Amino acid sequence: MRAMRELAPFDRFETTSRRQVLAGGASFVIAAGAAGRAPAVPPDGQLTWAVHVSLAPVWFDPADNSGIITPFMLLYALHDGLVKPMPGSPLAPSLAQSWDQSEDGLIYEFTLRAGIKFHSGDPVTAEDVKFSFDRYRGSSHDLLKGRVADVTVLDPQRVRFHLKSRWSDFLTFYTSASGAGWIVPKKYVEKVGDAGFKQAPVGAGPYKFVSFTPGVELVLEAFNQYWRKPPAVKRLIWKVIPEETTRLAALKRGEVDIAYSVRGELAEEIRHTPGLTLKPAIVQGVFCLYFPDQWDPKSPWQDARVRRAASLAIDREGTNQALTLGYSRITGNPLVPYNYDFFWQPPAPAYDPPQAKKLLAEAGFADGFDAGQYHCDSSYGNLGEAIVDNLNSVGIRIKLRPVERAAFIKGYAQHTFRDGVIQAGPAPFGNAATRFESYVVRGGPFAYDSYPDIDTLYEQQAVEPDRRRREQILFKMQQLVYERTIFAPIWQLAFLNGVGPRVGESSFGAIAGFPYTAPYEDLTIKVA
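Residues numbered from 1 in each chain as written. Predicted model: local features only at pLDDT ≥ 70, side-chain atom pairs only at ≥ 80, totals over all residues. Heavy atoms only, no water.

Tallying secondary structure elements over the protein chain gives 15 helices and 17 strands in all. The principal-axis extents of the C-alpha atoms in the protein chain amount to approximately 70 × 60 × 40 Å. Across the protein chain, 58 positive and 57 negative side-chain charges occur, with their mean positions spaced 3 Å apart. (Helix = DSSP H or I, 4+ residues; strand = E, 2+ residues; numbered from the N terminus. Lys, Arg positive; Asp, Glu negative; His and termini not counted. Charge placed at Lys NZ, Arg CZ, Asp CG, Glu CD.)

Take a look at the structure:
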């Protein structure tokens, strides 16, 4: 019999445990607490964000999750998952109060909390769970549908997932890394259609949709029947302000209460402005350079010496001090955050331009070479500028090509960025294995090609029940990525943000590795 997994306390709700048996498996339970309780104090006031990226309606729908962290900025407000990362726990029971796993790892049963409702007033049922899984079409669609044999509604409160074979990361992939475990109302979606849902989404989260003006703002209002606890703040507004200086100016004038992504000298200005607070968050976004042409025999990037030269050219520490005030963490691991399960610590990355030039000469590029374009998310264009300067200084002649985030992710996933390098910043929830599934192994949505030996190791670890043996395999996989410089590491990002004087609890850093303010129901406004 498998031992019961310990659950961290879930905020104000007390945890409990009991033994349930499903073919000799394990059970995971948390008390329902005061689901659907009326608020002791009605929500009041308004908090406003200055957001660094343009908000895309596709992020309102969990079914279209593209495998990045940004949509969760909105999902944590509008929607809820069966299980999701929360303070103190990477897999906290949410809409599901418990789940059972069979001893052979093939069956998972989820039991929903009683009395939970969508914003429409309809109850959350097992039919909605099955419907949400069936309509999922995000970046992990092929992976999930290829490994799940069937989903069965047992009764209105219970749903069963039957896997085709043991999959150690099913729960992580389904509930948090993919978005497929975030539940939408079947009746409403069937009524309005997918396009109508994006125009007026309905979820089961702590806030309900009010209005959206593309390129301008999103407005949400408190859902007082949220099961965990009623939100304290009545209205949330996200204002799209792409320019960093404009975000800071709005924060200083009191037009917004929270400004995302304020870096360098502007972050220093927050430090020295009375009433403002700098909130750095070390997040699970690991920035790196990806060489999509490394499998092309005609490309300079096929030579590992050229890829190592690019890595040696990067002044990580200098750029860290200039842009993120030294808060970013330089681990040398290009994909896996230091706080993830199965993280492997490689040697510290070096900054050595002379050695970079030497390696280029050994590879036949003593005079350098034209490397095409440096593709990056425009909201991190300043990091791209610094690294482009580094690469050009050693003879890797490359041009910066910043792209707005939604278009960047689409182009990356559709494998259109072939002419140069990609500045990637993998940041979804998960562990070392889920990162490899998406970015390294064959069939991954962001993997332009793969190495057969790493693919084989990935399949071995996916079905390995022994944690220690699985860890050894995942360590080996990360070591191979390091040795071959499949990616060149930059850093694990410190996301710098400004908070104004009206904010009580901002919830920055409450969910480990999460860049944004959540849980939203925990936010407060200071009492005057």
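Here the focus is the sheet that holds strand β16 (residues 420–424). With mixed pairing, the ten strands of this open sheet are ordered in space as β9-β10-β11-β2-β12-β17-β13-β16-β14-β15. Lying at the two open borders of the sheet, with one neighbouring strand each, are β9 (207–213) and β15 (396–403). Pairing of β9 with strand β10 (residues 217–222) involves six bridges; the strand directions are antiparallel. When the bridges of β10 are listed, phenylalanine 209 appears paired with leucine 220. (Pairing = 2+ DSSP bridges.)

A cluster of nonpolar side chains, Ile282, Tyr327 and Tyr338, forms an exposed patch at the surface whose accessible area comes to about 230 Å². Within the secondary structure layout, tyrosine 338 lies in the loop between α9 (316–324) and α10 (353–362). (Patch = residues over 30% accessible without salt bridge, like charges linked within 9 Å, V, L, I, M, F, W, Y side chains within 5 Å. Areas by Shrake-Rupley, 256 points an atom, 1.4 Å probe, with all protein chains shown as cover. Salt bridge = Lys/Arg side-chain N within 4 Å of Asp/Glu carboxyl O.)

This next bit is on the environment of lysine 164. Within the element layout of this structure, lysine 164 appears in the loop between β8 (158–163) and α4 (170–177). The exposure class of lysine 164 is exposed, given its relative accessible area of 54%. Between the C-alpha atoms of lysine 164 and phenylalanine 508, which are 344 residues apart in sequence, the distance is 39 Å. A polar contact is formed between the side chain of lysine 164 and the backbone oxygen of glycine 146, at a distance of 3.2 Å. (Buried < 20%, exposed > 50% of the residue type's maximum accessible area, 1.4 Å probe, protein only. Polar contact = N/O pair within 3.5 Å; in protein donor to acceptor, adjacent residues only side chain to side chain.)

Moving on, we come to helix α15 (residues 467–484). The end-to-end C-alpha distance of α15, which contains 18 residues, comes to 26 Å, matching closely the 26 Å that a straight helix rising 1.5 Å per residue would cover. Residues of α15 that are buried: Arg470, Ile473, Leu474, Met477, Gln478, Leu480 and Val481. The buried residues of α15 occupy one face: seen down the axis, they fall within an arc of 150°. Turned more than 90 degrees away from the buried face of α15 sit Arg468 and Gln472, all of them exposed. With a side-chain oxygen lying 3.2 Å from the backbone nitrogen of arginine 468, the N-terminal cap of α15 falls on aspartate 466. (Expected span 1.5 Å × (residues − 1). Arc of directions from axis to C-beta.)

Restricting attention to buried positions, one finds in α9 the residues Arg316, Thr319, Asn320, Leu323 and Thr324. Angularly, the buried residues of α9 cover 105° about the axis, an arc narrow enough to put them on a single face. A side-chain oxygen of the first residue of α9 lies 3.0 Å from the backbone nitrogen of glycine 318; this N-cap is aspartate 315. Directly beyond the C-terminal end of α9, a positive phi value near 55° is found at leucine 325.

So, about the pattern of salt bridges. Under the criterion given, the structure shown has 33 salt bridges. For the salt bridge of arginine 135 with aspartate 61, the shortest nitrogen-to-oxygen distance reads 2.9 Å. Here aspartate 61 lies in the loop between β2 (44–51) and α1 (72–78) and arginine 135 lies in helix α2 (residues 126–135), a separation of 74 residues in the sequence. The buried category is assigned to aspartate 61, whose relative accessible area is 2%. A salt bridge links aspartate 122 to lysine 187, with the shortest nitrogen-to-oxygen separation between them at 3.8 Å. In this pair, aspartate 122 is assigned in the loop between β6 (107–112) and α2 and lysine 187 in helix α5 (residues 186–199), connecting sequence segments 65 residues apart. Take aspartate 122: its relative accessible area is 21%, and that puts it in the partly exposed class. It is possible to trace a salt-bridge network through shared partners that takes in Asp61, Asp64, Arg135, Arg137, Asp194 and Lys198.

With that out of the way, let us pick up the packing of aromatic side chains. Scanning the model with the defined rule gives 44 aromatic pairs in all. Between tryptophan 49 and tryptophan 238, the aromatic rings sit 5.1 Å apart at their centres with planes inclined by 15°, giving stacked as the arrangement. With a gap of 189 residues between them, tryptophan 49 in strand β2 and tryptophan 238 in strand β11 (residues 233–240) connect regions that are remote in the sequence. Take tryptophan 49: its relative accessible area is 0%, and that puts it in the buried class. Measuring from ring centre to ring centre gives 6.0 Å for phenylalanine 110 and tyrosine 174, while their planes differ by 55°; the resulting arrangement is tilted. (Phe/Tyr/Trp six-rings, centres within 6.5 Å; stacked < 30°, edge-to-face > 60°.)

Trp49, Tyr76, Trp238, Tyr260 and Tyr520 are the most contacted members of the largest nonpolar core, which totals 77 residues. Ranked by residue count, the leading element in this core is α1, at seven residues. Filtering out sequence-adjacent residues up to four positions away, tyrosine 76 remains in contact with Lys84, Pro85, Met86, Trp182, Pro206, Phe429, Ile511, Phe514, Ala518 and Tyr520. Formed by 76 residues, the second largest nonpolar core is a distinct cluster that contains Val148, Phe197, Ala424 and Phe446. (Core = buried A, V, L, I, M, F, W, Y, C linked by side-chain atoms within 4.5 Å. Contact = heavy atoms within 4.5 Å.)

Looking at chain direction, strand β14 (residues 369–377) and β15 are connected through eight bridges and run parallel. The residue of β15 that forms the bridge with aspartate 370 is arginine 397. Handedness of the crossover is the feature at issue here: the chain leaves β14, passes through helix α11 (residues 381–393), returns alongside β15, and the resulting connection is right-handed. (Right-handed = clockwise from strand over helix to strand, strands pointing away.)

With that settled, the discussion passes to the packing of helix α14 (residues 452–462) against α15. It is the contact of α14 with α15, at a shortest axis distance of 9 Å, that shows an interaxial angle of 160°. One finds that α14 runs roughly antiparallel with respect to α15. Two packed elements cross with a definite hand, and for α14 against α15 that hand is left-handed. Residues Asp453, Ile454, Leu457, Tyr458, Gln460 and Gln461 of α14 touch α15, and the partners they reach there are Arg470, Ile473, Leu474, Lys476, Met477, Leu480, Val481 and Arg484. (Axes fitted to C-alpha atoms, helices over the stretch in contact; angles between N-to-C directions. Parallel < 35°, antiparallel > 145°, perpendicular 65-115°, else oblique. Left-handed = near helix turned anticlockwise from the far one by under 90°.)

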